[in-house]
Amino acid sequence: MVGRKARAAVGFGVDAVKVVVIGAGIVGAAIARSLSQRGVEVVVVDRGRNAGGTSSAGEGNILVSDKGPGAELVLARYASTLWPTAVAELRDELGPKFPPIEFERKGGLVVATSAAGSRPLLDFAADQRAAGITAIPLGVDEALALEPELNPEITAAVHYPEDAQVQPVTATEALIASARRAGAEFHEGEPVVDGITRAGRLRGIRTSGRSVAADAVIVAAGPWSGEVSALLGAPLPVKPRRGMVLVTSRMPHRIFHKVYDGDYVGAVGSNAADLQTSSVIESTAGGTVLIGSSRQQIGFDSRLDVRVLRELAAKAIALFPFLKEMSVMRSYGGFRPFMPDHLPVIGADARLDGLWHATGHEGAGIGLSLASADLLADLLTGSAPAIDASPFSPSRGSLARELGNVG
């Protein structure tokens, strides 16, 4: 919980509880909204602009198709149930003048492009079905009925109707607007410089612009969470993992699902630091096509790498040959918060009383944001979480080596 005084306050309407959230991306925004709506006083600080980091550099994926059985899949299924309700609530709260967040349950189509790739794809789908996911194997003709422009030389396909997409920047801004309506404060351009610690407990933070006392401090700084947690005295092994995306010029919709090569699943689960690319393609509501995906651990090096863009384009054309004739309008890149055990960290840090984390989602932060926020808010306010939170704890055994005295 957030301390003896705060626990008492939680039981009497949380009037005395104040929480600082570090990071105004989609995870931090969702946490601010969830806590503020429960009556918690929330202050959010960000080193840059709201929604200006990782949340502005993704594709807006809300996926179950890329996660094998286990804790992250449970979290993803929970998240999948929250998004439709949140979309309706945000629409009612913010009114018709606020831009739509473009939530679409478009479904995913995962394909194999070689004979060797067919069996692993189908076996992975079978494991997911055993875990309760709707994963429908398709013949080539059935896949082409869903995606007529798809290369007919694919060797296998699986349809995931639960997969969805959202416009990530607009979704983040909507959550921020909703949190503000519930009383949360947001401060941009204020990097954290250190924590305020008394008697072995974290009592707040200092930024470049202010000091904020708090009952709890939540690190939700995405790929910068490793740096921030180190400043506060309890470092997490969060590292930046760079990804790049190509964006085509607008066209009539010719791609109707999120379509990707089964190699993507392996890239997501890999610990390799060198460049990995796989084909991930989808249309947006505005008519552009987003082409990913790359993963590379090169620190915070943001320089353009033409080699990466070339690989992305070649793999996209292999799936959808018509893209060879289309123009690329722009490219962009961003940094995902990578954890060595491939699970987000959600919960209290046993090394420093008052410190909490919600980070390490790698490329799944958009989709998992609402579930992570509700899970953390439940833990912090003493409510019963909807799912088991222990696999995401900073004290989990898979992080014992990295965190030393936690375990």
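No experiment lies behind these values; they were computed from the predicted model shown.

**Regarding the overall build of the protein**
When helices and strands are counted, the protein shows eleven helices and 19 strands. Taken against the 2.2 N^0.38 rule, which gives 22 Å for 407 residues, the C-alpha radius of gyration of the protein at 21 Å falls within 12% of a compact globule. Here the protein, with 407 residues, has 56% of them falling under the buried criterion. Long-range contacts, defined here as pairs at least 24 residues apart, represent 74% of the contacts in the protein between residues at least 6 apart.

**Thoughts on the sheet that holds strand S11 (residues 211–213)**
Here three strands make up an open sheet; going across it, the order is S9-S10-S11 and the pairing antiparallel. Lying at the two open borders of the sheet, with one neighbouring strand each, are strand S9 (192–198) and S11. Averaged over neighbouring strand pairs, the angle between their axes works out to 25° when direction is ignored. Pairing between S9 and strand S10 (residues 201–207): six bridges, direction antiparallel. From the neighbouring strand, Gly 195 faces S10, where its bridge partner is Ile 205.

**Quick word on unusual backbone geometry**
Of the consecutive residues Gly 292 and Ser 293, the connecting peptide bond is found in the cis state with omega at 10°. Note that Ser 293 resides in strand S16 (residues 289–295). The backbone of Ala 51 shows a phi angle near 60°, a positive value even though the residue is not glycine. Within the secondary structure layout, Ala 51 lies in the loop between strand S2 (41–45) and strand S3 (61–62). According to the relative accessible area criterion, Ala 51 is buried, its value standing at 5%. Positive phi values are uncommon outside glycine, yet Glu 102 reaches one of about 60°.

**Some points on the nonpolar core**
Counting residues in each nonpolar core, the largest one holds 71 residues, and the members touching the most others are Val 19, Ile 31, Leu 35, Trp 83 and Ile 218. The leading source of residues in this core is helix H3 (residues 71–94), at eleven residues. Setting aside anything within four residues of it in sequence, one finds Val 19 in contact with Leu 35, Val 40, Glu 41, Val 42, Val 43, Ala 214, Ala 216, Ile 218 and Leu 380. Met 244, Met 251, Val 289 and Phe 322 belong to the second largest nonpolar core, which has 24 residues in total.

**Here we look at the packing of aromatic side chains**
Enumeration over the complete set of coordinates arrives at four aromatic pairs. Ring centres of Trp 224 and Phe 300 lie 5.3 Å apart, and the angle between their planes is 10°; on these two criteria the pair is classed as stacked. Remark: Phe 300 occurs in the loop between S16 and helix H9 (306–319) and Trp 224 occurs in the loop between strand S12 (216–219) and helix H7 (225–231); sequence separation between them is 76 residues. When its relative accessible area of 17% is taken as the criterion, Trp 224 is described as buried. Ring centres 5.2 Å apart and planes at 65° place the aromatic pair Phe 300 and Phe 335 in the edge-to-face group. Of this pair, Phe 300 sits in the loop between S16 and H9 while Phe 335 sits in strand S17 (residues 328–338), and the two are 35 residues apart along the sequence. Site record: aromatic cluster; members linked through ring pairs are Trp 224, Phe 300 and Phe 335.

**Concerning the environment of Pro 235**
Residue position: Pro 235 is located in the loop between H7 and strand S13 (239–248). Along the chain, Pro 235 and Glu 402 lie 167 residues apart, while their C-alpha atoms are 9.2 Å from each other. Residues in contact with Pro 235, not counting those within four places in the same chain, are Ser 229, Ala 230, Arg 351 and Leu 403.

**Notes on the pattern of salt bridges**
Under the definition given, this model contains 17 salt bridges. As a salt-bridge pair, Glu 362 and Arg 241 come within 2.8 Å of each other at their nearest N and O atoms. Here Glu 362, found in the loop between strand S19 (355–359) and helix H10 (365–381), pairs with Arg 241, found in strand S13; they are 121 residues apart in sequence, far enough to count as distant. For Arg 241, a relative accessible area of 0% corresponds to the buried category.

**Here's the deal with the environment of Gly 363**
Along the polypeptide, Gly 363 turns up in the loop between S19 and H10. Residue Gly 363 is classed as partly exposed on the basis of its relative accessible area, which comes to 33%. Once you skip the residues sitting within four places of it in the chain, Gly 363 turns out to touch Arg 295 and Arg 336.

**Notes on the confidence of the model for the protein**
Taken as a whole, the protein shows an average pLDDT of 91; of its residues, 93% reach a score of 70 or greater. Ignoring residues within four places in sequence, the model shows residues 1–15, a span with pLDDT below 50, making 27 contacts including any to other chains.

**Describing the pairing of S2**
When you tally the buried positions in S2, you get four out of five residues, the bulk of the element. When strand S1 (residues 18–22) meets S2, the two strands line up parallel, connected through five bridges. Paired with Val 19 across the two strands is Val 42, which belongs to S2. A crossover connection joins S1 to the parallel S2 through helix H2 (residues 26–36); in handedness this β-α-β unit is right-handed. The pairing of S2 with strand S8 (residues 185–187) spans three bridges and is parallel.

**So, the sheet that holds strand S5 (residues 136–138)**
Strand order in the open sheet formed by eight strands is S5-S6-S4-S14-S15-S16-S13-S17, with mixed pairing between adjacent strands. At either end of the open sheet lies a strand with only one pairing partner, and these are S5 and S17. The average angle at which neighbouring strand axes cross in this sheet is 20°, direction not considered. Taken together, the two bridges between S13 and S16 define a ladder with antiparallel strand orientation. Bridge pairing in S16 links Val 247 to Leu 290.

The rules we used
Residues numbered from 1 in each chain as written. Predicted model: local features only at pLDDT ≥ 70, side-chain atom pairs only at ≥ 80, totals over all residues. Heavy atoms only, no water. Helix = DSSP H or I, 4+ residues; strand = E, 2+ residues; numbered from the N terminus. Rg over C-alpha atoms; globule rule 2.2 N^0.38 Å. Buried < 20%, exposed > 50% of the residue type's maximum accessible area, 1.4 Å probe, protein only. Contact = heavy atoms within 4.5 Å. Pairing = 2+ DSSP bridges. Axes fitted to C-alpha atoms, helices over the stretch in contact; angles between N-to-C directions. Core = buried A, V, L, I, M, F, W, Y, C linked by side-chain atoms within 4.5 Å. Phe/Tyr/Trp six-rings, centres within 6.5 Å; stacked < 30°, edge-to-face > 60°. Salt bridge = Lys/Arg side-chain N within 4 Å of Asp/Glu carboxyl O. pLDDT = per-residue confidence, 0-100. Right-handed = clockwise from strand over helix to strand, strands pointing away.

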